[in-house]
Amino acid sequence: MNSISRRAMLGKASLVGTTVAVGLPLAAAETPVQQRPEVGTKLKVIVTGGHPGDPEYGCGGTIARYTDLGHEVVLLYLNRGEWPENPSLDDAKSVRIAEAKRACEILKARPAYAGQINGAAIVDSAHYEKFQRILEAEKPNLVFTHWPIDNHADHRAISMLVYESWLRMRKRFALYYYEVSDGEDTLQFSPTHYVDITSTEPRKRAACYAHASQTPDKYYGLQEMITRMRGVESGHKQAESYIRHVQSPDFMLPMAS
Ligand SMILES: [Zn+2]
């Protein structure tokens, strides 16, 4: 290629770039203002999931790393996961609640429930308000939720409920998306952040197996394929991966690599 044609091509390329840039809407300039926590500051982390087990399968190794560092973690489930769900059933008689309680004990986290019905998630203005009140009462520094491109309506629902609360709460907390049961549930997930879970994977595994009614032999094996692949990508034996919202504070993964 001679210099004239190269200049001509560069000129053409820059013209194309200018045209494209002008045609795009401006990116939102609003960036949340949040002070970097001091070393030793105790963080409040909420990991939301459509059902008991989702936070454990998607983020269990990361949860254990947070609690090992002395941070407080709440696993907030959209519903109790029972099928058919019976809202009047005494919590003390619920197998799924007992399993989630045991899983949270293993991870040193606390379970909480958003009060919806398994398989019948509602996303409307009343439920946006109810969910926001739950998050405001918890005062989180950081929230994890399902990546919204997901084949399960309950997963999509809690992702939307978290997102709307994040906007209404003026992006006060860091917002990260996680993957779970890729292919069956999560789709088109391209991570921006990785957490090495090599040291905490045994506790993640135990927490997932605490959900004994949910065929953990099948589902943990599938999830471990993902954490091994994310480990290959990030240079660890096993890793969990996340997508940070582009307008979220980015300093809340103390163990991110
Ligand atoms: Zn689920």
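Reading the values: the criteria
Residues numbered from 1 in each chain as written. Predicted model: local features only at pLDDT ≥ 70, side-chain atom pairs only at ≥ 80, totals over all residues. Heavy atoms only, no water. Phe/Tyr/Trp six-rings, centres within 6.5 Å; stacked < 30°, edge-to-face > 60°. Salt bridge = Lys/Arg side-chain N within 4 Å of Asp/Glu carboxyl O. Helix = DSSP H or I, 4+ residues; strand = E, 2+ residues; numbered from the N terminus. Buried < 20%, exposed > 50% of the residue type's maximum accessible area, 1.4 Å probe, protein only. Donors = N, O, S within 2.8 Å, 3.2 Å for Na, K, Ca; no water. Tetrahedral: all angles 85-135°; square planar, octahedral: opposite > 155°, others 65-115°. Expected span 1.5 Å × (residues − 1). Arc of directions from axis to C-beta. Contact = heavy atoms within 4.5 Å.

Chemist: Which residues make up the packing of aromatic side chains, and what values go with them?
Modeler: Scanning all chains against the criterion turns up nine aromatic pairs. Through successive ring pairs, a cluster of aromatic residues spans Tyr66, Phe144, Tyr176 and Tyr242.

Chemist: An account of the pattern of salt bridges is needed here, citing residue identities and associated values.
Modeler: Under the counting rule described, the total for this entry stands at 17 salt bridges. In this structure, Lys204 and Glu240 form a salt bridge, with 2.8 Å as the shortest nitrogen-oxygen distance. A residue pair is termed long-range when its members are at least 10 positions apart, and Lys204 in helix 6 (residues 201–209) and Glu240 in strand 7 (residues 239–244) qualify at 36 residues. Classification of Glu240 as buried rests on a relative accessible area of 2%. Between Arg230 and Glu233 there is a salt bridge, with its nearest N and O atoms 3.0 Å apart. Separated by three residues within a single helix, Arg230 and Glu233 lie in helix 7 (residues 216–234), roughly one turn from each other.

Chemist: Please give an account of the coordination of the zinc ion that cites residues and values.
Modeler: Here the zinc ion is held by the protein donor atoms His51 (ND1), Asp54 (OD), Asp54 (OD) and His155 (NE2), which lie 2.1 to 2.7 Å from it. Around the zinc ion, the four donor atoms sit at angles spanning 52 to 140°, and that spread fits a shape best called irregular. In the primary sequence, the donor residues of the zinc ion line up as H-x2-D-x100-H. Highlighted residues: Asp54 in helix 2 (residues 54–68) and His155 in helix 5 (residues 153–168), separated in sequence by 101 residues. Like Asp54, the residue His155 is buried in the burial classification.

Chemist: Kindly report on helix 2, identifying the contributing residues and their values.
Modeler: Look at helix 2: 20 Å from first C-alpha to last across 15 residues, which is about the 21 Å you get at 1.5 Å a residue. Counting buried residues in helix 2 gives 13 out of 15 residues, a clear majority hidden from the surface. Gly70, located one to two residues past helix 2, shows a positive phi value of around 90°.

Chemist: Just give me the short version of helix 6, but keep the residues and values in it.
Modeler: All buried positions along helix 6 are accounted for by Glu201, Lys204, Ala207 and Cys208. Viewed end-on, helix 6 has its buried residues packed into an arc of 120°, placing them on one side of the element. Contacts from the buried residues of helix 6 go to helix 2, helix 3 (95–107), helix 7 and strand 7.

Chemist: Break down unusual backbone geometry for me, citing the residues and quoting the values.
Modeler: Despite not being glycine, Lys171 has its phi angle at roughly 55°, a positive value. Within the secondary structure, Lys171 sits in the loop between helix 5 and strand 5 (174–178). Looking at Lys171, the relative accessible area reads 9%, which means it is buried. At Ser181, a position not held by glycine, the phi torsion is positive, near 50°. Topologically, Ser181 is positioned in the loop between strand 5 and strand 6 (193–196).

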